[in-house]
Each structure stands twice: as C-alpha cells, then as structure tokens.
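# Descriptive analysis of the structure
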Amino acid sequence: MGKAEREAQKKKEEASLAADAVQSSMGNFGRWQLWVCLWISVLKFPVAWHALGIVFLAPPVDSWCRRPDALHNLTDEQWRNLSQQQGHASCSMADRNYSQLDGQPEAGVPSVACHAWEYDRSVFQETIITQWDLVCDRKQLANVAQTVFMFGILVGNVVFGMVADRFGRKLPLVVACVMQVVFGTACAFMPWFEAFLVLRFLTATAVGGSMITSFVICMEILGGWWRMAVSVLFHIPFSLGHSTLAAIAYYARDWHDFQLAISLPSVILISYWWLLPESPRWLLATGRDEEAVSILEQAAKCNKLDTTNIAQKIQTVSIHKNKMKEGETMKKVTIVDLFRTPNMRVKTLCMYFNWIVCGLCFYGLAQYMGHLGGNIFINVALSGLIELPGMSLCIYFMGRYGRKMTLLSSQLLAGVSCLLIIAVPQGPDHPEWPKVMLAALGIVGMSVSFPTVYLYSAELFPTVVRNVGVGSSSMCARIGSMVAPYISSLGAYGFFLPPLTFGLFPLIGSVLCILLPETAHAELPDTIEEGENFGKKSKQSKESTGTSNNAYVGADSPL
C-alpha cells in the first residue's frame, strides 16, 4: 500500500471512529445480536398480516340483486339463472311484477338498478364487501381501503422515523406495537365504513412505524457482512407471515374474527420494552455515554468479548465527536441536491422508478393472486412461500453478479412472467394453475428486487444525502403500493390488463438499470461531487478499502 493510499485509509478510519468503537466493542455478530434480531423478526408476522390482509378482508365475492319477496322460495342458483336469462347483470334486475311471474322468463324486460344485494357466502361468511355493499358503483371503495392503508404506512415511516431520531429507537417501537393492538382491534368492531378507514389508517401508521424502527435497530447493532445479510434475511419472516395469513383466514371466515386474529397477537410485542435494548449508537450520538457503555458491556459479555476497554473507547469517541462538531462547517444538503447535477439526477430518477415498480408489483401481484381462479387459500399460501427461495438466493446473486445485474434480472423475470399470463388460455375449460404459477414466479422476481433495490440505493446515494435518498425512494414504493389495488381490479374490464401492467413496469425498470453504475466492491461516495462522478467512467471506480461510513450497509462485505 502506497503513502497516498495509507493516508486515505487513515482519513477513512478517523471519519468512522465512532462506528468502529461501537462495533469493535460488541462485535459484528454474536449471540447478543442474534437474540435481538430474532425477537424483532417476530413483529414482521403482524406487519405482513396487516399489509396483505385486504386479500381476505375484501376477497372476490359473487353478488346479485336481492330477490323480491315473491320469489323467496327460489334458491340462489335458481334466482341467478333467472336474472341471467332475462339479460340482467348483478347490478340491475328486471322491472316487473314478480308476484305474477309464471316461471317463464320474458326477454326484453327493462331493468332498474339494484338497491340491495345478496352474496355467495359459501367461502366467506362476512367480508367488508358484504357488510357495506362494496359492489357496483361502490366497488372501488374496497381498493380505497388498501390505498388508505398504504398511505398510512408512508406516514408512519416518516413520522416514526423523525420520532426515533428524537426519542430513541426503543420507545417509538413499543408505542407502534401498542397502536397496532389498539387500533387494529378497534377496526373489527366498527359499524361504519368511514370509521373503519380512519382506524385502518391509524393501524397502518403503527405498522409503518414498527417497520422503520425495527429495521434501524437491527442495522445499528450489526457490522460487516452481517448488515447486508440481515437486511435481506429480515424479509423472510414477512414471507412466512404472508403464508400463514391464508391459514388464519381459513379458520376465520368472518372479517371481524379475521381482523381480531391478526391484531391481538401484537400484544406480545409490548414485551419489547423489557426484552430489547436501546440502540447504543443512538445513545452515543445523543451524549448518553454511560448508558451506551452499559449496553455495550452487556453485549460484549454475551458475545464473550473483552469488556475492559469499552468505557475508554467510548470516552475517546465522545472527545473526537465534540471536536468534529466544533469545527463542522459542512453545507446543509436537501433532497434538491439529488437533482442538481445531471448524473445524480439520472441515477435518482432511475432508482425512484424501480422503487415504484417494487411497491406496485409486489403488493399488486399478492392481491392479484387472490383474484385468480382456484382455491384462494392455496394461492395466497403459495405466493408467500414462493418468496422464500428468491430472498434466500438474493444474497448469493448480489455477491456473485453484483447489485445492478441482480436488480435488472429480477425485474426482467417478474415482467416476462406477468406478460406470459396473457398467453394462457382463458375460460372455465382451461386449468388455472398456469396463471397461478406465472404470477407466483413474478412474486419471486419481486422478492429479489425489493431487498436488492434497498441495498443498491443505500450504496448509490452519497453519504451526505443517503438518508434522504433512501427515505424518498421508500416513499416512491408506497406510492406504487397505493396504486396496486386499482391495477389488480382492472381484470373486470379485461383479463389482460392487470398482467399487462404488472409486466410492463418491471421491464421498463430493468431497462433503466442499464443507466445505473455497479456499487459492489466499490468505495461508496461521500459528497455530492463524488456522487456525480460515481459511475461516469469505470476507471473512476475505487476498490473498497474494507471500511464504510454507512451505518446501514456493510460495504466491507464480500458482496
């Protein structure tokens, strides 16, 4: 290593002194980190249940106009056949005196709009559709319920992210868990749809808050390769929650019981107040050095590391940190800086679009699986289980082929799979399993894309705007997830519309990946200038020195 390289390495080590002190005290990964991460992974189950619960809260249910009193003796099938023979749909019925019906349908009878409906309750006893008649001109209100939820997650990410920086990670996480129990349970007892939407929004805010704070805690106690690995593996409990959602719905066929079943288990998460530690990085950043030392000593003892010099290390860090604050003259940067220069602007827009694709297609395909023919419980369970291979292989693909090729290939897989659904023969005489398998394959692609785009964007944005870059990117994913329910329901206007939309967006995203530079094995950009130059020429890429100033990404990993 030359003199210039040694000086650069020295500056890098000085800049990351705090991170090194914390990580060297408790280790990159051990029994203590394993304990914390396993406990935090439990909350991903209710997160998945709430985020994807709309599949069983508002499943596809056959409806028809309520039969006149004169025909109350007809079975559901007889009444529906009679309506169809007279050329009327589920939103209208024949305008005639049914008390004089002789059993022979009369063609050409004018129709009037339905004012009350009956439903097929052979699979689900009660849903939000059957309770509040979300059919015909009120059909889109079921999608509004999911859009409101996804907007609530967006708000929760932002609000709890700011609260966590002010009051620590632990308190907001416990508050979010309490809110999930209270508002999620209250949803089950709401007699008005409007009140249901309000409580569903509040529940989603809590879900978004628990998502962001739990992830931050895990990333702030892990080091090296484990940061990257856990950032991917952290999605596995979500997939398991996705699969178990079908089992819950199978035994809870009434939406009230289902809502209670996915809300009440969060009671055990309140135990986080006693089981989880505060983030030592946050304690150190806010000047609570003694508390940070105490937690680091507990972690080191559990991981069988030396605890004698921890207090001295933290004291050194505090002195260094205060000097840095006194001499700090850095210009304050904002989200506008992501768009000031041409190269950064292109990279930001490409990354934003890929985040939109991930939110749109992951949640959209999960809901679309519930609209496909066949057994809805098997379809949903399969769509959850099929995510596991993708997430498990994501680490290997990113290490072997890099972030860029992994994201490009996974988006391409999802897009082609969805487009192939259009080519599958339609109709009652053709099996449904080819469409189910292709949709599941699309979810596999998304299960690789989502963790990849998170890590990719964290490495791509410069340090000075990394938090705002990843945060604004995540908001783009929420925008996609808010639109997803409406795309899934386009099948009513043409069976090809949902798979066409879910296919084209990932294909466009994969093409935009070509404009992005590879970040694997590269030193991460720190300033806006470095971010602008990063990726312009391959010779400007610098080999990783084995350290990182990124608190969320293990850039010193082999990936």
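On a predicted model such as this, the values are computed, not experimentally measured, just so you know.

Definitions and cut-offs
Residues numbered from 1 in each chain as written. Predicted model: local features only at pLDDT ≥ 70, side-chain atom pairs only at ≥ 80, totals over all residues. Heavy atoms only, no water. Helix = DSSP H or I, 4+ residues; strand = E, 2+ residues; numbered from the N terminus. Buried < 20%, exposed > 50% of the residue type's maximum accessible area, 1.4 Å probe, protein only. Contact = heavy atoms within 4.5 Å. Areas by Shrake-Rupley, 256 points an atom, 1.4 Å probe, with all protein chains shown as cover. Arc of directions from axis to C-beta. Polar contact = N/O pair within 3.5 Å; in protein donor to acceptor, adjacent residues only side chain to side chain. Patch = residues over 30% accessible without salt bridge, like charges linked within 9 Å, V, L, I, M, F, W, Y side chains within 5 Å. Salt bridge = Lys/Arg side-chain N within 4 Å of Asp/Glu carboxyl O. Axes fitted to C-alpha atoms, helices over the stretch in contact; angles between N-to-C directions. Parallel < 35°, antiparallel > 145°, perpendicular 65-115°, else oblique. Left-handed = near helix turned anticlockwise from the far one by under 90°. Nonpolar A, V, L, I, M, F, W, Y, C, P; charged D, E, K, R; others polar. Phe/Tyr/Trp six-rings, centres within 6.5 Å; stacked < 30°, edge-to-face > 60°. Lys NZ or Arg CZ within 6 Å of the ring centre and 35° of its normal. Core = buried A, V, L, I, M, F, W, Y, C linked by side-chain atoms within 4.5 Å.

### Details of the overall build of the protein chain
Counting secondary structure elements, the protein chain contains 24 helices and 4 strands. Counting every position in the protein chain, which comprises 559 residues, the buried fraction comes to 52%. Contacts spanning at least 24 positions in sequence make up 79% of the contacts within the protein chain whose residues lie at least 6 apart. A total of about 24700 Å² of accessible surface is found on the protein chain, and carbon and sulfur atoms cover 63% of it.

### Some remarks on the environment of Lys347
Looking at where Lys347 falls in the secondary structure, it is placed in helix α18 (residues 342-371). Residue classification places Lys347 among the buried residues on the basis of a relative accessible area of 2%. Remark: the alpha-carbon pair of Lys347 and Cys513, spanning 166 residues in sequence, is separated by 9.0 Å. Excluding its chain neighbours within four sequence positions, the residues that come into contact with Lys347 are Leu460, Leu516, Pro517, Gly531 and Phe534.

### Quick look at helix α3 (residues 31-41)
Burial in α3 covers these residues: Trp32, Gln33, Val36, Cys37, Ile40 and Ser41. Angularly, the buried residues of α3 cover 160 degrees about the axis, an arc narrow enough to put them on a single face.

### Regarding the side chain of Thr348
Among the secondary structure elements, Thr348 is positioned in helix α18. At 3.3 Å, the side chain of Thr348 and the backbone oxygen of Leu338 are in polar contact. Setting aside residues up to four positions removed in sequence, Thr348 forms contacts with Leu338, Phe339 and Phe461.

### Topic: a nonpolar patch on the surface
Among the surface-exposed residues, Phe167, Leu171, Val175, Trp273 and Trp274 lie close enough to one another that they form a single nonpolar patch of about 550 Å² accessible area. Among the elements of the structure, α9 (170-187) and α14 (272-275) are those that each provide at least two residues to the nonpolar patch. Tracing the chain through its elements places Val175 in helix α9.

### Details of the packing of helix α20 (residues 387-423) against helix α23 (residues 497-512)
How two helices pack is summed up by the angle between their axes together with the distance between the axes. At a closest axis distance of 7 Å, the pairing of α20 and α23 adopts a crossing angle of 155 degrees. Taken together, the axes of α20 and α23 are roughly antiparallel relative to one another. Where α20 crosses over α23, the handedness of that crossing is left-handed. Counted together, Leu408, Gln411, Leu412, Ala414, Gly415, Val416, Cys418, Leu419, Ile421 and Ile422 of α20 and Pro499, Leu500, Phe502, Gly503, Leu504, Pro506, Leu507 and Ser510 of α23 form the full contact between these two elements. Across the contact of α20 with α23, the residue classes tally to 14 nonpolar, 4 polar and no charged.

### A few points about the packing of aromatic side chains
With the rule as written, the count across this model stands at 27 aromatic pairs. An angle of 85 degrees between the planes, with centres 5.1 Å apart, marks the rings of Tyr250 and Tyr251 as edge-to-face. Taking relative accessible area as the criterion, Tyr250 reaches 42% and is therefore assigned partly exposed. One aromatic cluster is present, formed by Phe215, Phe238, Trp355, Phe362, Tyr363, Phe450 and Tyr454 through successive ring pairs. Over the ring of Tyr250 we find Arg253, and its NZ or CZ is 4.7 Å from the ring centre.

### Notes on the pattern of salt bridges
One pass over the structure, following the stated rule, counts 5 salt bridges. Across the salt bridge formed by Arg169 and Glu220, the nearest N and O atoms sit 2.7 Å from each other. Of this pair, Arg169 sits in the loop between α8 (141-167) and α9 while Glu220 sits in helix α10 (residues 193-221), placing them 51 residues apart in sequence. The salt bridge involving Arg403 is made with Glu459; its shortest N-O contact spans 2.8 Å. Of this pair, Arg403 sits in helix α20 while Glu459 is found in helix α21 (residues 433-460), placing the two residues 56 residues apart along the sequence. In this pair, the class of Arg403 matches that of Glu459, namely buried.

### Considerations on unusual backbone geometry
The backbone of Asp133 shows a phi angle near 50 degrees, a positive value even though the residue is not glycine. Looking at the secondary structure, you find Asp133 in the loop between α7 (128-132) and α8. Positive phi, normally seen in glycine, also occurs at Lys304, with a value near 60 degrees. Position of Lys304 relative to the elements: it lies in the loop between α16 (289-302) and α17 (310-326).

### Let's talk about the packing of helix α12 (residues 236-251) against helix α13 (residues 255-263)
Their axes nearest at 9 Å, the elements α12 and α13 cross at an angle of 140 degrees. One finds that α12 runs oblique with respect to α13. Where α12 crosses over α13, the two elements pack in a sense that is right-handed. Counting all contacts with α12, which are made through Leu245, Ile248 and Ala249, the residues of α13 involved are Phe258, Ala261 and Ile262.

### Brief notes about the nonpolar core
By size, the foremost hydrophobic cluster in this structure holds 128 residues, and its most contacted members are Phe56, Ile128, Phe196, Phe258 and Tyr363. The element that contributes the greatest number of residues to this core is α18, accounting for 15 residues. If you look at the next biggest cluster of nonpolar residues, it comprises 8 residues, including Met228, Ala229, Cys394 and Val448.

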